[in-house]
Amino acid sequence: MSDNCEFDFSDVDCDFQTKFAKFYKVHNNDGNTSIIKVFKKEYCDFFSEHKYNLLKNIRSELMISILSINNKINNQYVEYEYFESMTLKEWLHSDCIITKSLLINVIKDMAEIIDKFHQNDLVHLDIVGNFLINTDGKIKLNDYDYVEELGGSKKGRVDLHSFFELVYRMILFVHKKKSTRTINIKFNDTNIDHSSCKKFISSLDLQ
């Protein structure tokens with residue numbers, strides 16, 4: 001698919017849908033698979049060409065790549081790379097063996113991509129349900145409908161707060177899931193530097 005192609009999905013059954021869009025898993029002629037997110041008519045202003053260009057500047061293996069977009073009236077869709085994965089909640093509840101080192105690496109990767117967004121003057125306002133992870137512990141940030149430009153504002157505090165809470169809950173969950181006390185947690189909010197995710201990670205004492 002390319003940025004200039006148009007596809008009509010009106011007669012095709014979607015794989016799943018949300019309030020805002022329908023999703024289709026597409027097998028392309030080149031042998032690769034992608035996900036097409038087709039916005040419902042009332043939400044066709046969610047994803048602009050400007051946002052697409054901003055996101056293209058962020059080159060990272062820690063985010064779901066946008067392959068193309070179509071912004072024609074009443075036929076707006078975004079084509080994403082396909083990533084065989086699950087949500088963080090599904091991963092935590094799965095039979096995957098989550099070691100201390102794996103958990104720390106996952107958290108560090110989450111921090112890295114959020115900081116990368118901030119470095120590009122962007123903020124993802126809906127990170128909690130949009131981290132995807134595979135069985136090997138590779139994580140990617142997904143869904144950019146609620147990505148906005150920071151523009152010198154303090155919107156970044158919104159995603160940082162969500163990130164801090166998410167990480168804390170992940171650590172507590174894994175700690176509770178293990179039968180022995182293999183992870184000790186020291187989490188004192190007054191001693192945490194909230195200016196970046198990386199500084200937050202360094203302030204966590206995981207032993």
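Scroll up a little and you will see the structure.
These remarks concern the structure in this document.

Cut-offs and rules
Residues numbered from 1 in each chain as written. Predicted model: local features only at pLDDT ≥ 70, side-chain atom pairs only at ≥ 80, totals over all residues. Heavy atoms only, no water. Phe/Tyr/Trp six-rings, centres within 6.5 Å; stacked < 30°, edge-to-face > 60°. Helix = DSSP H or I, 4+ residues; strand = E, 2+ residues; numbered from the N terminus. Buried < 20%, exposed > 50% of the residue type's maximum accessible area, 1.4 Å probe, protein only. Lys NZ or Arg CZ within 6 Å of the ring centre and 35° of its normal. Pairing = 2+ DSSP bridges. Contact = heavy atoms within 4.5 Å. Axes fitted to C-alpha atoms, helices over the stretch in contact; angles between N-to-C directions.

Attention now moves to the packing of aromatic side chains. All told, the structure shown has three aromatic pairs when counted by the stated rule. Aromatic side chains Y80 and Y144 sit 6.0 Å apart centroid to centroid with 50 degrees between the ring planes, which places their arrangement in the tilted category. With a gap of 64 residues between them, Y80 in strand β5 (residues 75-81) and Y144 in the loop between β9 (139-141) and β10 (147-149) connect regions that are remote in the sequence. Classification of Y144 by relative accessible area gives buried; the value is 0%. Pairwise contacts between aromatic rings join Y80, F117 and Y144 into one cluster. Between the NZ or CZ atom of K140 and the centre of the ring of F83, over which it lies, the distance is 5.3 Å.

A separate point is the pairing of strand β2 (residues 21-27). Examined bridge by bridge, strand β1 (residues 16-17) and β2 share two bridges and lie antiparallel to one another. Bridge pairing in β2 places Q17 opposite K22. Where β1 hands over to β2, the hairpin turn is made up of three residues, counted between the paired strands. With seven bridges connecting them, β2 and strand β3 (residues 33-39) associate as antiparallel partners. Note on β3: the bridge partner recorded for A21 is F39. The antiparallel pairing of β2 with β3 creates a hairpin that spans five residues between the two strands, and G31 there sits at a positive phi of about 95 degrees.

Right, let's get into unusual backbone geometry. For D121, which is not glycine, the phi torsion reads 65 degrees and is therefore positive. Note that D121 resides in the loop between α3 (100-119) and β7 (122-124). With phi around 65 degrees, D143 is a residue other than glycine that occupies positive phi space. One can find D143 in the loop between β9 and β10.

Taken in spatial order, the three strands of this open sheet run β6-β8-β9, and their pairing is antiparallel. Lying at the two open borders of the sheet, with one neighbouring strand each, are β6 (86-87) and β9. Of the strand pairs in this sheet, strand β8 (residues 131-133) and β9 are connected by three bridges, and their pairing is antiparallel. Paired with I133 across the two strands is I139, which belongs to β9. The sheet strands contacting α3 are β8 and β9, and the helix crosses β9 at an angle near 25 degrees.

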